Structure formats: structure tokens, C-alpha cells
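The chain contents come next:
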Amino acid sequence: MTLASALLARLRGPALLSLLDQGAVSGFGFVAGIAAARLIDMEGFGRFALVLIVAGFAQGLHNALVTAPLMTLAGSVRDPGRYAAAVSAGALVLAAGLALAVAGALALYFQARGEAVPIDLVTAAGALTLAQNLQLTARRLLFAYEGGGRALVMDLARAAAFPIGVATLWAAGIPLDAARLIEILALTAFLTTLPALLARAADPGRRRLALAARRHWQMARWFLPVVLVTFGQEQLVWILAGAALGDEALGGLRAAQYLVGIVSLMLAATENVVPTGASRAYEAGGEPALRAYLLGVTRRLGLPVAVLLGAVAAPADLWLRLAFGAPYAPYASCLRWLALGVAFTFLRDMAAQIFRARRRTDVIFRAFAVSFVVSLALIHPLIGRYGAAGAAAVVAIAHGASLLALVVALGRGALPRSETSERC
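Attention in this report is confined to the structure presented alongside it.

## Section: the overall build of the chain
Okay, so step 1: A count of helical and extended segments in the chain gives 15 helices and zero strands.
Okay, so step 2: Whereas a compact globule of 424 residues would reach a radius of gyration of roughly 22 Å, the chain reaches 21 Å, a difference of no more than 12%.
Okay, so step 3: With the principal axes as the frame, the chain shows a C-alpha extent of 55 × 50 × 45 Å.
Okay, so step 4: Relative to its 424 residues, the chain shows a buried fraction of 54%.
Okay, so step 5: A separation threshold of at least 6 residues defines the contact pool for the chain, and within that pool the share at least 24 residues apart is 82%.
Okay, so step 6: For the chain, the exposed surface amounts to about 17,700 Å²; the carbon and sulfur share of it is 67%.
Okay, so step 7: One finds the centroid of the 36 positive side-chain charges in the chain at a distance of 10 Å from the centroid of its 22 negative side-chain charges.

This is how it looks when you write it as C-alpha cells:
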């Protein structure tokens, strides 16, 4: 039996749909990134990458406040319909606020560099932030309530719509640049998400909305600081590397990150299933059932993750040259460092699920705070001495530090914390 068939034999139902959907999402991101690198110059690709980094940070905030708590709480609410309506309403308000914040932050960034603010680019960045955060919420809601197949259709539709949009602009003679590509990404996300949003459009009631917000905040109060400190260990590193080394270096780092993203899709796919499964295992059988569940997930995914990382990292320069072009081949060492970081991330995420199920997200925050301090200590010396490779090394070492901190916390036996028993 081949590795692929062995993996598929162990995956059924929601797990298989989750993997297929994340494959569609990450595969689309991978292809869109390659298309951007091929269609515009390396400096323009650096700007494209900058927008995705800032919008990605905003999505991390949205995830911490809305979708990460959702995937743990969805299995324990009394009225799923009202809860889903409350989540959708809150997500819309938050996504709109984050869209304005992203546009404003990028405008300030270009002003600080002494450049004219590219209105089309910052406007497109705001629209992308709004659309993608709504799509993330719709995807998680569909998976939480037995709609994984609909989520897969939504994400495949977006993947199909993007090349159509690019071809339409090309046929109309409209020059392609970073702003136009971001606009197409935003439009395709919104149009494919709209049906799912309209299907759940309902008035949840003020009391239900307030109750859902309280329950989300109980988890998000630690998830949110985690996003802030992880910004320091990854996105901030890319931004500082771009500022110190130029937009071309940022484009090269982003290209390397796209290639390890092939493996990261397996990790991201677990977010659709594992938190809810871990929470249910913990409620049903306590600590032994939780650990058994997570050990099973780790065993099933560990070998495929290791094999894929080796296949990507060993001939790194070849993959960069084939996918992005010869100018990107010198960033092979960056890809290898980032592959090591993904390995650390996989193990760290499995350990973190224990504390998520226990509602001990404060422990996760402290682990990421450690990695944040490590990142800040290493950014200047490693980028100054090793350039882009040093930036990638900072990211990998920071992920390793957060993994180590969680392992230490498990060894010390961090106890479950009792949480309110309020039910939505």
C-alpha cells in the first residue's frame, strides 16, 4: 500500500473533506502566488506579499476572536442555529473594522517610507481583508455543522474564478500589477462566500449575541495576545527584512514560504476537525481520551508531514527555479529553514490542542510569548549577518522555542482550569 493510499484509508468523512478543502484553499494560494510572481516583476511581487502579510495578520486577529473559539465551542452549544447566526453577525462587524485598519496601516507604512500612498493598493487590501475574513468564518461554520462538502464547493469555486478574472483583465488590455491582483482576490472571495452568508442570515437576538461574545472572549482573551506575539515571530520578521533588504528580498522569502505552504496545508486542515474532536474527546473521557485522540492524529499525520518536508527542502533551489524562476533560486536556504519551522509548528500545534481542550489558552499564550522574546533577540543580528537566510532562521528558531515551552508546560502538568458552564 502506498503512502497516499494508506493516508486516505485512515481518513473518512469530515477529516477527508477537511483535507480536500484545505488542499483547495492552500493549493489556490500557492498557484495564485506563483501566478503573481510570474505576471509582475519581483519588486511588485514584494508589494503583493506585503499586502498578504498585513491582511494575514488581520485574519489572525479575526481567527482569535471568532473562528478559533467557534471550532471548540460548536460541539457544546444548545442551539446551533442561533449560535451560528450570532457568530456570523459578529464576524461581519469585526471583519469590516479590520478592513479599515489594514487600509490605514498600509497607508501609514508607505508614508513612513516617504512614498505616495497607492490608493488602489490600500483600498484593495481593505477589501481583501473583509472578504477573506468572512470566507474564513463561513468555512468554519460549514465544517462545524456538517457542511464540509459545501465549504469545499465554495473554495473550489473561488479557485476557478481567479484565473477567469485574470484572463478577463488581460483580454481587456488592463495592465496587471499588485493592486489588480489583490482586487481579483478580494472579488472572488466575496462572490463565492455570499451564498453561504445569506443562507445563515438571521437575527440571533441581542441576548444570544452577547452570550456568544462572552463565551468567545473566555478563550479569545488568550488567543488574541497569541496573535500579537506570533506577529513578532513571523510577519514582523518579513516586514523588517523587506525594510532592511528591499522588496526583492521580501519577494524571495515569500516565495520560499509558498513552497513550504504545500506541507502547511495539512496542518491548516486539522483546524477544521481536530479542535472540535479534541474538545469532544475531553468532555467524553477526560485526559486519557484527549491524549489518545491527539496521539492518534499525530501518528497518522507525522510521517506524511516528514516525507513532504524532506521532498520540498532537499532540492530547494530546483523547486524555486521551476516554480518562480531563476531569480528566486538563491533563496533555497530560506526554504530549508522554513521547512524546519513547519516541522516544529506541527508538533507544537498538536501539543497546543491539549491546552485548548482544557480551556487553558493562557499556557499557549505564554509559550508564544517565549518565542516572541527569542525572535526579538535574534532579528537584528541574524538579518544583519545572514540576510534573508537569517530572517528565515529567526522564524524557524522561534517556532522551536514555542514548542519547547509547551513541552515544558506539559511536563510540569498544567492543570485544567474550570470555566463557566454557560451554554449558547
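## Observations regarding the side chain of Asp362
Okay, so step 1: Considering the arrangement of structural elements, one finds Asp362 in helix H14 (residues 361–386).
Okay, so step 2: Residue classification places Asp362 among the buried residues on the basis of a relative accessible area of 2%.
Okay, so step 3: A distance of 2.9 Å separates a polar atom in the side chain of Asp362 from a polar atom in the side chain of Arg360.

## Regarding the pattern of salt bridges
Okay, so step 1: A complete count under the given rule lists 11 salt bridges for this structure.
Okay, so step 2: Linking Arg291 and Glu287 is a salt bridge whose minimum nitrogen-to-oxygen distance equals 3.3 Å. Of this pair, Arg291 and Glu287 both sit in helix H11 (residues 274–313), four residues apart, which is roughly one turn of the helix.
Okay, so step 3: Glu287 gets classed as partly exposed once you look at its relative accessible area, which sits at 21%.
Okay, so step 4: The salt bridge partner of Asp362 is Arg366, with a shortest N-O separation of 3.0 Å. With Asp362 and Arg366 both in helix H14, this residue pair falls four residues apart, about one helical turn.

## A few points about helix H6 (residues 148–171)
Okay, so step 1: With 24 residues, H6 extends 35 Å from end C-alpha to end C-alpha; this agrees with the ideal 34 Å at 1.5 Å per step.
Okay, so step 2: Of the residues one or two after H6, Gly173 is the one with positive phi, at around 75°.

## Examining the packing of aromatic side chains
Okay, so step 1: Applying the stated criterion across every chain yields a total of eight aromatic pairs.
Okay, so step 2: On the numbers, 6.4 Å between centres and 45° between planes, the contact of Phe45 with Phe324 is tilted. Taken together, the residues span a long stretch of sequence, with Phe45 in helix H3 (residues 42–73) and Phe324 in helix H12 (residues 316–324) at a distance of 279 residues. Each member of the pair, Phe45 as well as Phe324, carries the same accessibility label: buried.
Okay, so step 3: With centroids separated by 5.5 Å and ring planes inclined at 80°, the aromatic side chains of Tyr109 and Phe110 adopt a geometry described as edge-to-face.
Okay, so step 4: Phe110 sits in the buried class, given a relative accessible area of 1%.

## Regarding the nonpolar core
Okay, so step 1: The biggest cluster of nonpolar side chains holds 119 residues, and the ones touching the most others in it are Phe45, Phe48, Ile182, Leu185, Trp238, Leu320 and Phe324.
Okay, so step 2: Broken down by element, the residue count for this core peaks at 18 residues, all from H3.
Okay, so step 3: Setting aside residues no more than four positions away along its own chain, Phe45 makes contact with Gly33, Ala36, Ala37, Ile40, Gly251, Arg254, Ala255, Tyr258, Phe324 and Tyr328.
Okay, so step 4: Ranked by size, the runner-up nonpolar core spans six residues in total, among them Ala138, Leu142, Phe143 and Ala151.

## A word on the packing of H3 against helix H7 (residues 178–199)
Okay, so step 1: The N-to-C vectors of H3 and H7 enclose an angle of 35°; their axes lie 9 Å apart at closest approach. Remark: the crossing between H3 and H7 carries right-handed chirality. Here Gly44, Arg47, Phe48, Val51 and Leu52 of H3 lie close against H7, whose contacting residues are Ala178, Leu181, Ile182 and Leu185.

## Quick look at the environment of Leu106
Okay, so step 1: Positionally, Leu106 belongs in helix H4 (residues 80–112).
Okay, so step 2: Linking Leu106 and Val51, residues 55 residues apart in sequence, is a C-alpha distance of 7.8 Å.

## As for H7
Okay, so step 1: Between its terminal C-alpha atoms H7 stretches 33 Å, which fits the 32 Å expected from 22 residues at 1.5 Å a residue.
Okay, so step 2: Of all the bends in H7, the largest measures some 40° and sits at Thr193, one to four residues before the proline Pro195.
Okay, so step 3: Sitting at the amino-terminal end of H7 is Asp177, which places a side-chain oxygen 3.2 Å from the backbone nitrogen of Ala179.

## As for the environment of Gln257
Okay, so step 1: Mapped onto the fold, Gln257 is located in helix H10 (residues 247–270).
Okay, so step 2: When the C-alpha atoms of Gln257 and Cys334 are compared, they prove to be 8.4 Å apart, with 77 residues separating the residues in sequence.
Okay, so step 3: Leaving out residues up to four positions away in the same chain, Gln257 has contacts with Glu234, Trp238 and Leu338.

Criteria and cut-off values
- Residues numbered from 1 in each chain as written.
- Predicted model: local features only at pLDDT ≥ 70, side-chain atom pairs only at ≥ 80, totals over all residues.
- Heavy atoms only, no water.
- Helix = DSSP H or I, 4+ residues; strand = E, 2+ residues; numbered from the N terminus.
- Rg over C-alpha atoms; globule rule 2.2 N^0.38 Å.
- Buried < 20%, exposed > 50% of the residue type's maximum accessible area, 1.4 Å probe, protein only.
- Contact = heavy atoms within 4.5 Å.
- Areas by Shrake-Rupley, 256 points an atom, 1.4 Å probe, with all protein chains shown as cover.
- Lys, Arg positive; Asp, Glu negative; His and termini not counted.
- Charge placed at Lys NZ, Arg CZ, Asp CG, Glu CD.
- Polar contact = N/O pair within 3.5 Å; in protein donor to acceptor, adjacent residues only side chain to side chain.
- Salt bridge = Lys/Arg side-chain N within 4 Å of Asp/Glu carboxyl O.
- Expected span 1.5 Å × (residues − 1).
- Phe/Tyr/Trp six-rings, centres within 6.5 Å; stacked < 30°, edge-to-face > 60°.
- Core = buried A, V, L, I, M, F, W, Y, C linked by side-chain atoms within 4.5 Å.
- Axes fitted to C-alpha atoms, helices over the stretch in contact; angles between N-to-C directions.
- Left-handed = near helix turned anticlockwise from the far one by under 90°.
- Bend = angle between axes of the 7 residues up to and from the residue.

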